[in-house]
Amino acid sequence: LLLAFVILLNFTGYLLPWDQLSYWAVTVSTNMLEYIPLAGEWMKTAIRGGDEVSGPTLLIFYNLHTAVLPITLTALLVYHFWKVRKSGGVIVPPDGDNDFVPAIPKLLEREVAAGLALLAFVILLSVFVNAPLLERADPAFSPNPVKAPWYFSGIQELLMHFHPGIAVFVIPFLVAVWLFSFPYMKPGLKSPGKWFYTSKGRTLVVVAAITSFIITSAAILAGEYLVDFQAWMPGVPEMISNGLIPLIIWGILLAGIGFLIKKRYHAQRTEMQLWIFTFLVVGYLVLMFTSIFFRGEGMALTLNVM
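Note that the structure is a prediction, hence the values are computed from the model and not measured. Counting of residues starts from 1 at the beginning of each chain's written sequence and follows it residue by residue. Local features in this predicted model are restricted to residues whose pLDDT is 70 or higher, and side-chain atom pairs enter the listing and the counts only when it is 80 or higher, whereas totals over whole chains, interfaces and linings include all residues. Think of the side-chain values as coming from all heavy atoms in the structure, minus any hydrogens and water.

S.K.: How should the overall build of the chain be read in this particular structure?
M.R.: Across its full length, the chain holds 11 helices and zero strands. Along the longest, intermediate and shortest principal axes, the C-alpha atoms of the chain span 65 × 45 × 40 Å. Each residue is assigned to one of three classes by its accessible area relative to the maximum for its type, calculated with a 1.4 Å probe on protein chains only: buried under 20%, partly exposed between the two thresholds, exposed over 50%. Expressed as a percentage of the 306 residues in the chain, the buried residues total 31%. In the chain, the proportion of contacts linking residues at least 24 apart, taken out of those at least 6 apart, comes to 71%. With residues, only the protein chains shown are counted as cover, and all accessible areas are computed by Shrake-Rupley using a 1.4 Å probe. Surface exposure of the chain reaches about 19,300 Å², of which carbon and sulfur atoms provide 72%. Just so you know, the count uses Lys and Arg for positive and Asp and Glu for negative, and it drops His and the chain ends. Charge coordinates come from a single atom per side chain, which is NZ of Lys, CZ of Arg, CG of Asp or CD of Glu. Counting 19 positive and 18 negative side-chain charges, the chain places the averaged centre of each group 17 Å from the other. Strands are runs of DSSP state E lasting at least two residues, helices are runs of H or I lasting at least four, and both sets are numbered from the N terminus onward. What makes two residues a contact is simply this: any of their non-hydrogen atoms within 4.5 Å.

S.K.: So what exactly am I meant to see when it comes to helix α3 (residues 40-48) here?
M.R.: Owing to its 3.6 residues per turn, the α-helix brings residues three or four apart onto one side. Along α3, the positions that sit buried rather than exposed are Gly-40, Lys-44 and Arg-48. Along α3, the residues classed as buried sweep out an arc of 60 degrees about the axis, all on the same side. The inward-facing, buried residues of α3 abut α2 (20-32) and α4 (55-86). Backbone geometry just downstream of α3 places Gly-49 in the positive-phi region, at approximately 70 degrees. Here the arc refers to the directions that run from the helix axis out to each C-beta atom.

S.K.: Would you explain the environment of Ala-137 in this entry?
M.R.: By secondary structure assignment, the location of Ala-137 is in the loop between α5 (103-128) and α6 (153-159). Its relative accessible area of 12% is what places Ala-137 among the buried residues. When the C-alpha atoms of Ala-137 and Ala-167 are compared, they prove to be 28 Å apart, with 30 residues separating the residues in sequence. Residues in contact with Ala-137, not counting those within four places in the same chain, are Trp-18, Asp-19, Gln-20 and Tyr-23.

S.K.: Explain the packing of aromatic side chains to me, please; I cannot follow it from the model alone.
M.R.: The description of an aromatic ring pair uses the distance of the two centres, along with the angle that the planes make with each other. Pairing of aromatic rings covers Phe, Tyr and the six-membered ring of Trp, with a centre-to-centre limit of 6.5 Å; geometry is then stacked below 30 degrees between planes, edge-to-face above 60, and tilted otherwise. As enumerated under the stated definition, the model contains 13 aromatic pairs in all. Measuring from centroid to centroid gives 5.0 Å for Tyr-151 and Phe-152, while their planes differ by 75 degrees, and the two rings are edge-to-face. In this pair, the class of Tyr-151 matches that of Phe-152, namely buried. Among the aromatic residues, ring-to-ring pairing joins Phe-11, Tyr-14, Phe-61, Trp-150, Tyr-151 and Phe-152 into one connected group. Lysine and arginine charges are scored as sitting over a ring when NZ or CZ, respectively, is within 6 Å of the ring centre and within 35 degrees of the ring normal. The ring of Tyr-265 carries the charged tip of Arg-264 above its face, separated from the ring centre by 4.9 Å.

S.K.: It is not clear to me how the pattern of salt bridges should be interpreted in this structure. Could you clarify?
M.R.: Pairing is possible between side chains of opposite charge, provided their charged atoms come close. For salt bridges, the criterion is a side-chain nitrogen of Lys or Arg within 4 Å of an Asp or Glu carboxyl oxygen. With the rule as written, the count across this model stands at four salt bridges. For the salt bridge of Arg-295 with Glu-157, the shortest nitrogen-to-oxygen distance reads 2.7 Å. Here Glu-157 lies in helix α6 and Arg-295 lies in the segment after α11 (269-293), a separation of 138 residues in the sequence. Among the residues examined, Arg-295 registers a relative accessible area of 0% and is labelled buried. Judged by relative accessible area, Glu-157 falls into the buried class, the value being 0%.

S.K.: Which parts of the structure should I look at to understand the packing of helix α7 (residues 164-180) against helix α10 (residues 238-265)?
M.R.: In a packed pair of helices, the relevant descriptors are the angle between the two axes and the axis-to-axis distance. Only the stretch in contact is used when a helix axis is fitted, and all axes are lines through C-alpha atoms; the angle between N-to-C directions ranges over 0 to 180 degrees. For the pair α7 and α10, interaxial distance at closest approach is 11 Å and the crossing angle is 35 degrees. Both α7 and α10 take part in a crossing whose hand is right-handed. Together, Ile-166, Val-170 and Ile-171 of α7 and Met-239, Gly-243, Leu-244 and Leu-247 of α10 make up the contact between the two elements. Partitioning the contact of α7 with α10 into residue classes produces six nonpolar, one polar and no charged. By convention the crossing between two helices is left-handed if the near helix lies anticlockwise of the far one by an angle smaller than a right angle, and right-handed if it lies clockwise. Gly is put with the polar residues, along with every residue not named as nonpolar or charged; the nonpolar set is Ala, Val, Leu, Ile, Met, Phe, Trp, Tyr, Cys and Pro, and the charged set is Asp, Glu, Lys and Arg.

The structure is reproduced here in structure tokens:
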């Protein structure tokens, strides 16, 4: 939930400059909502305050960005830190090791130092890296290509390969359900807060990153130049030919690779969670960077970095 609200804060703040980039990026992103079953069209109209991105949309985004979302995020942070304290900390010491340190000042000092370092980095970035606004938002002039904000560009890339209902709703929904199941998957060891869980977990993370990069890149190229289920099955509804069929193929492929990985490395459940999580994150990063840098006019794939 914290991750979701941080993304929503980014998204609502994206429109506030009201230039061509932000206007059309939000237009593309909110258009994606209409592919959500049953509530999609209502959600798109509600968040825009009408049929189009306009003045009411800017007011809605401003109120969400400056009041509603920060208050909700603060409440979630309070709950989050309370749960961490109630659980006895993030890392549980091994049996017989009671070498605890006080949160204040030990943890507080580190968090303040990390926060100040991040703030200094952002200030230096803003000093030396220019980020100019484009022209004032113009609904009558659409740039080519029109791209979603960078954090949604992976979903926009999925739209190039899957039916919109699958790309915008089904795949994100399945990933969200899997992420929400994490707290209910009990680890095998008693110190689940350590980085990568075990040494085997570190190996699986590297394997997942390399595998995901290769497979996702190959799938993008194949979907662009080789595979066209819709053309191969003209009499079949697009939801099936370009939606369910490639989704099932991907599901079988991932399940098969996961089975081989589990058998090869004798991985425990938590280690396999690390493998799946890394595979999905790297796969999304490949989709995101492909959409940002390798999609030219008309969203055509180009090998020239823009």
